[in-house]
Amino acid sequence: MRFPKISRSLRQLTTHVLAIALGVVLAVSTLQVLPSQAEPAPTITAGDTSNLIAQRQSPASAAIGSTSFVTAAVNRVGSAVVRIDTERTITRRVDPFMEDPFFRRFFGDGFSQQMPSEQLRGLGSGFIIDKSGLVLTNAHVVDKADKVTVRLKDGRTFEGKVQGIDEVTDLAVVKINAGNDLPVAPLGSSTNVQVGDWAIAVGNPLGFDNTVTLGIISTLKRSSAQVGISDKRLDFIQTDAAINPGNSGGPLLNGQGEVIGINTAIRPDAMGIGFAIPIDKAKAIAEQLQRDGKVAHPYLGVQMLTLTPDLAKLNNTDPNSPIQIPEINGVFVMRVVPNSPAASAGIRRGDVILQVDGKAITSAEQLQNVVEDSRLGQVLQVKVQRGNKTEQLSVRTAELQNAS
């Protein structure tokens, strides 16, 4: 009578053992299947761990490699990057109230002479472009400075003399006397720069010396008008490498440690967007500043807007629009500067510029570049659309700084 009970217990035990064994088999099978769905498991031979390391390496570390290209780039140019400190003395404007003879009787004539002066200090960056001590930086870093001090990475400081400033391109050349064996930043070319290339910004942001940030080239040929500084004539390199106040004038490098741009502007309302002057443009301007101390820029004297048929149609369908605009591609003249070349040639507000010297003009940036590339005093043949008819006008360029 007891054998059936024992037999039943053995059957239950056997069932439990089989269930546990089946669970283990399924778990092991799952572990073997899941990795194969994501990626092949590496085959490692005894003593060979290189394949395992390669499998575990992240895309970022694979791109950079065991030795960082950023380190190599910075080591190549770092000693040629300088800090520029400026000082400017201003005197507070005398209150006209104190010029009244009644009050001067009580306070004396010397009261106005005792008005305190104020020292304004600035900070920027730059880099050495010649062993003789030529430093390239931004015009706004050294403009109107009474004293310029250039500090090298090794701690040496020198008084800098501003050799030339060009406000239109925001470039300046400063000279220091430190012998003829200074480190020089290798200058590359901005012509071959492509969107997505590495971008390394070096400088002294917010007073933090020798700071390096890394990003990429976000876009090329971003016009100064698009950036929001319409008084400049530049097509910027846009980057997401962090650029902060104090970076101005410092170099923007490519992955090989060559200077491809000069960090010059940030938008206060933007995050992760900075702008640099292409080095090819800077080279040409720097040569003129070294030679002449300034750069002459030709101009026409018009405030302009890129016109498209859609934009013109939008204006023309507005019942409150004060003017009807031809629905064509060109450059709409919003304003003509008095006593300018454009005014003398007969260009009027409301004209649409179609061609210059037979070349079609379709954007304000294109017209600006055509004028910038012309010579001072050169006569340009400008074709404009005025209402329902076209006019051919001759405009002789003049120097921009002569415009009010």
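This structure is a prediction, so every number in the text was calculated from the model and none was measured.

S.K.: How would you summarise the pairing of strand β5 (residues 157–166) if you had to cite specific residues and measurements?
M.R.: Sheet analysis places strand β4 (residues 147–151) next to β5, joined by four bridges and oriented antiparallel. For T149, the partnering residue across the bridge sits in β5 and is E159. Connecting β4 to the antiparallel partner β5 that follows it, the hairpin turn spans five residues, and G155 within it adopts a positive phi of roughly 100°. Where β5 lies against strand β6 (residues 171–175), five bridges are found, and the strand directions are antiparallel. Across the sheet, the residue bridging to K161 is K175, located in β6. Counting the residues in the hairpin turn of β5 and β6 gives four residues, including D170, whose phi is positive at 55°.

S.K.: So what's going on with the confidence of the model for the protein? Residues and values would help.
M.R.: Per-residue confidence for the protein gives a mean pLDDT of 81; residues scoring 70 or more make up 76%. Considering only residues more than four positions removed or in separate chains, one finds that residues 24–60, a stretch of pLDDT under 50, has seven contacts.

S.K.: Go over the sheet that holds strand β3 (residues 134–137), please, and point to the residues and values.
M.R.: Pairing within the closed barrel is antiparallel, and its six strands lie in the order β1-β2-β3-β6-β5-β4. The sheet shows a mean angle of 40° between the axes of neighbouring strands, taken without regard to direction. The pairing of β3 with β6 spans four bridges and is classified as antiparallel. Counted as the bridge partner of V135 is V174 from β6.

S.K.: An account of a nonpolar patch on the surface is requested, with residue identities and associated values reported.
M.R.: A contiguous nonpolar surface patch, about 350 Å² in accessible area, is contributed by L305, L311, L314 and M334. Assignment of secondary structure puts L305 in strand β14 (residues 302–307).

S.K.: Account for the environment of R156, with residues named and values stated.
M.R.: Assignment of secondary structure puts R156 in the loop between β4 and β5. Using a relative accessible area of 35% as the deciding quantity, one classes R156 as partly exposed. Considered as a pair, R156 and A178 are 22 residues apart in the sequence and their alpha carbons are 9.3 Å apart. If we ignore the near neighbours within four places in the chain, the residues touching R156 are V150, R151 and L182. At 2.9 Å, the side chain of R156 and the side chain of D154 are in polar contact.

About the criteria used
Throughout this description, residue numbers start from 1 for each chain and increase along the sequence as written. The predicted nature of this model means local features are confined to residues of pLDDT at least 70 and side-chain atom pairs, given and counted, to a pLDDT of 80 or more, with totals for whole chains, interfaces and linings taken over all residues. Side-chain metrics rest on all non-hydrogen atoms present in the structure, leaving aside hydrogens and water. Any two strands are treated as partners once DSSP identifies two or more bridges connecting them. Elements are defined by DSSP. Helices are runs of H or I of four residues or more, strands are runs of E of two residues or more, and each kind is numbered from the N terminus. pLDDT measures how confident the predictor is about each residue, on a scale from 0 to 100. When checking whether two residues touch, look at their non-hydrogen atoms; a contact exists if any pair is within 4.5 Å. Inter-axis angles, ranging from 0 to 180 degrees, are taken between N-to-C directions of lines fitted to C-alpha atoms, where helices are fitted over the stretch in contact. In this scheme, patches are assembled from residues that exceed 30% relative accessible area and form no salt bridge. Like charges are connected within 9 Å, while nonpolar side chains (Val, Leu, Ile, Met, Phe, Trp, Tyr) are connected within 5 Å. The protein chains shown are the only cover counted for residues, whose accessible areas, like all others here, come from Shrake-Rupley with a 1.4 Å probe. We define a salt bridge as a side-chain nitrogen of Lys or Arg found within 4 Å of a carboxyl oxygen belonging to Asp or Glu. Each residue is placed in one exposure class: buried if its accessible area under a 1.4 Å probe, protein chains only, is under 20% of its type's maximum, exposed if it is over 50%, and partly exposed if it falls in between. In protein, a polar contact means a hydrogen-donor-capable atom and an acceptor-capable atom, both N or O and within 3.5 Å, with residues adjacent in sequence counting only if both atoms are side-chain atoms; elsewhere, any N or O pair within 3.5 Å suffices.

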